[in-house]
Each structure stands twice: as structure tokens, then as C-alpha cells.
Amino acid sequence: MAARVVIVGAGYAGVMAAKRLLHKPTDITVTVVNPRKHFVQRIRLHQMIAGNYDVTIPLEAALPPQATLVIATVSRIDTATNHLVLEDGSTLPYDYLVYAPGSRHSGSTVSGAATHGFAVSEYEDAVRLKSRLATLPTDAAITVIGGGLTGIETAAELAENRTGPTTLVTGGEIAPELSKKARSRIAAALMALDIRIITGSRVVRIDEKSCTLDDGRTIATECAVLATEFGVPELARRSGLPVDNRGRLRVNRHLECTTHPNIVGAGDAMVISDLSLRMSCQSAIPLGVHAAETVELRLQGSTPTPVIPKFVGQCISLGRSQAVFQRTTRSDVAARLVVSGRLGAFVKEGICLSTTLLGITRGRGFFYSWA
């Protein structure tokens, strides 16, 4: 009987795992379970919010034609019987499971965030935020909370497409993982867009028309955008699988769950025992391919190869005509090379296009793993 491989999640990691498993004739059956019928280009959600890009691709155009797509949400993984339990109560058997449900906004402890805040991490969040912005005049004040790459890109995109004041608030400094050179160029580009940058202060309360900082200052705002820490679904924890304190599935260097080796992790929702990887499509794509290769090798009776990270750099768009590319070492430490301005935007757009056209949409895809 053909081995049954089920993939939970159709983001960058899940789609690439399906492509790798089915890139040549095989007797493996692949089923992909995803809560929505389209692939979301999360690296462009800030553009969708600003109204200048459609981030969705039908999964029929992203997945191999041999894959079976099930639109559903997984409630639990029954490891005793090797079945997924779906929200409607139905079950789905597997021999191998690729766990790739991705990441999402981790929630916020800021008072009023649940009522008045608008997250930006998932497609549904972005739709809600875009709808909110559509109800506001273009000169309405906006506050973006979070100085990481998501917050920077969102603030820049909104400031470029709207006429009202945009404020970026972060408890530390902006883009702390980048070099001083890259941070200074980002700050200069944000200020050129008339974005007010507040560092070293945290938002402690969000009201309908304002945000309050921990030093007592208030910022008038019609829309508070939450671009803070990402989290992961509770599926692994709920299923009794080993997880870290953030709920990520614990796997070894082969990406196999430490207690159930027929469950293989990929993407943002897993953590390798001795590695700390940044949540990004730059890691999700090769990890998805690597997870598929691990399954293939186990089915052949062979030992999988261990993961060896091979990061290249970080790209931060600053509107449509500016960007910063920060070269990194393979272990994702900022290096000396920084490309910015229009050339940086060209590099950023080229990376985004190649990620989608070469990797996700129908076609051969680029199959590189971190081996």
C-alpha cells in the first residue's frame, strides 16, 4: 500500500514539502490540510494592507496536481492511532505527518488591544485591518506598535500611501538584529516618509482614539496596528506532543519529533533542539523541502541528513521605491554588506518575485534544503 503523507498547513513550508514529495512519479499519496483555499504571500501582507497588492494564490495553482487538498482546521493529532481529528469531527489517517501550520500573532497583553488593536501577521488579520483603514479618511493618524521588520515595513507602506501622521513605537530600538549601518539607513528612510519614531517606550493601553505609553505620554490615533511578537498554534501542545515554552513542536536535526519520529516539523511552528532559527520564508522554504527529504529517506530505510542553516540576508521594504538588504552569515548574524535605496528595493522585489514564481506557483520549484 502507498505510504500516506499528510501535511498540516499550506504556507511556504507546507507547499514546498508537497512539491518535493511529488516532484517525480511516486507511490506516496500526499494530502494537504489547510484552513483556507489559497496560499498567502505573507511577505507582502503590508502591501495588501496598503491596498497595492493581492497576496493570494489559489492553492490549486501552488500545489502539485497529484496532491489532495482538504480545506479544514485540525483540532488534534491522535498519535496513538496516527490520525488527524478535524474540527467537524472527521478523521484523516497518516503514516507520516509533516507539521507546518505556520505562525500567527501571539496575542497582546496591552490593555485594550483585543478591542481596539489590529494585528498584521495573518491573512484574516490583514483583511480586518484593511477594512478598518477603508473606513478612515486618508489623513487619519495611525500608530504601528513594534519595531521589528514587520512593523517597519507596515509603517513605511502606510505612510507612503496615506497622508495622515504615522507613528512607529518600539520598546527597544528599531530592527535590533541588524547592523548599526542598516538601522541608520532604515531610520533615515522612515523619517523621509515623515514617520515619527518612538524608541525605548512601550504602549501599555490602546483606546478608541489614542495609545498610552509607559511614560504617561499619549498618542492620538485612529488605528493601532499590532506588529509585535509572533506565536504559533496550540495544536502540538493540545495533542500532547513535546513543545517549547512558545508552543513550538520540538524536533531533532532531522526535523523529526523527539517522541514521534513519524511526525516531521517544518517552518515557524517547530523548534530544532540545538538551534534558534528566525521565523521567515527564508527558513520555511528549505525546511519544507528538508522535511520532505526526511520522509523520503525514512521510507527508503535510509538515515536522513541533519539540518545545517544557510541564511543569506534580510530584506526590509520601505515603501515601493526604497528598501534595505542586510547581508548575514550562514548562521544569520548581520555582516558588513548593506544595500539600500532604489538598489535595495530592486533586490527586495527580485527576492519576493523569485520566492513566488520559482518556489510557490505551478512549475518545478526550487528544491534546496538545509543539508
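Further up the page is the structure itself.
Basis of the calculations
- Each chain has its residues counted from 1, running along the sequence as written.
- It should be noted that, the model being predicted, local features are given only for residues of pLDDT at least 70 and side-chain atom pairs only at 80 or more, the latter also being counted only at that level, while totals for whole chains, interfaces and linings use all residues.
- As a rule here, side-chain values come from all non-hydrogen atoms in the structure, and water together with hydrogens is ignored.
- One requirement defines pairing of two strands: DSSP has to find at least two bridges between them.
- Secondary structure is summarised from DSSP: a helix means a run of H or I of at least four residues, a strand means a run of E of at least two, and numbering begins at the N terminus for each.
- Here the term buried applies to any residue with accessible area under 20% of the maximum for its type, exposed to any over 50%, and partly exposed to those in between, with areas from a 1.4 Å probe on protein chains only.
- It only takes one pair of heavy atoms within 4.5 Å for two residues to be counted as in contact.
- Clockwise travel from the first strand over the helix to the second, with the strands pointing away from the viewer, marks a crossover as right-handed.
- Any Lys or Arg side-chain nitrogen found within 4 Å of a carboxyl oxygen on Asp or Glu counts as a salt bridge.

Describe the pairing of strand 25 (residues 334–340), naming the residues involved and giving the relevant values.
Two strands pair when backbone bridges link them, and strand 24 (residues 323–328) and strand 25 are joined in this way by four bridges, in the antiparallel orientation. Bridge pairing links Val324 to Ser340 in strand 25. The antiparallel pairing of strand 24 with strand 25 creates a hairpin that spans five residues between the two strands, and Asp332 there sits at a positive phi of about 75 degrees.

Talk me through the environment of Ile272; I want residue IDs and the actual numbers.
Structurally, Ile272 can be placed in strand 22 (residues 270–272). On the basis of relative accessibility, which here comes to 2%, the residue Ile272 falls in the buried class. Separated by 23 residues in sequence, Ile272 and Leu249 place their C-alpha atoms 8.4 Å apart. Beyond its immediate sequence surroundings of up to four residues, Ile272 is in contact with Val251, Asn252, Arg253, Leu255, Leu277 and Val307.

Quick one: what's the story with the pairing of strand 12 (residues 142–145), residue by residue and with numbers?
Residues of strand 12 alternate between two faces, with Ile142 and Val144 on one and Thr143 and Ile145 on the opposite face, all of them buried. The pairing of strand 12 with strand 18 (residues 223–226) spans four bridges and is parallel. Paired with Ile145 across the strands is Leu226, a residue of strand 18. Strand direction decides the pairing type here: strand 12 and strand 13 (residues 166–170), joined by four bridges, are parallel. Within strand 13, the residue paired with Thr143 across the bridge is Thr167. Crossover connection from strand 12 via helix 6 (residues 149–161) to parallel strand 13: handedness right-handed.

Go over the pattern of salt bridges with me, naming the residues and quoting the values.
A full pass over the atoms with the stated rule returns 18 salt bridges. Here Asp95 and Arg4 are joined by a salt bridge, their closest N and O atoms 3.2 Å apart. Here the residue Asp95 occupies a position in the loop between strand 8 (91–93) and strand 9 (96–99), and Arg4 occupies one in strand 1 (residues 4–8), the gap between them amounting to 91 residues. Here Asp95 falls in the partly exposed class, since its relative accessible area comes to 25%. For Glu234, the salt bridge is made with Arg237, and the minimal N-O distance between the two is 2.9 Å. Given a relative accessible area of 38%, Glu234 falls into the partly exposed group. A relative accessible area of 37% places Arg237 in the partly exposed class. Each of Arg36, Arg104, Glu122 and Glu124 takes part in one network of salt bridges that share partners.

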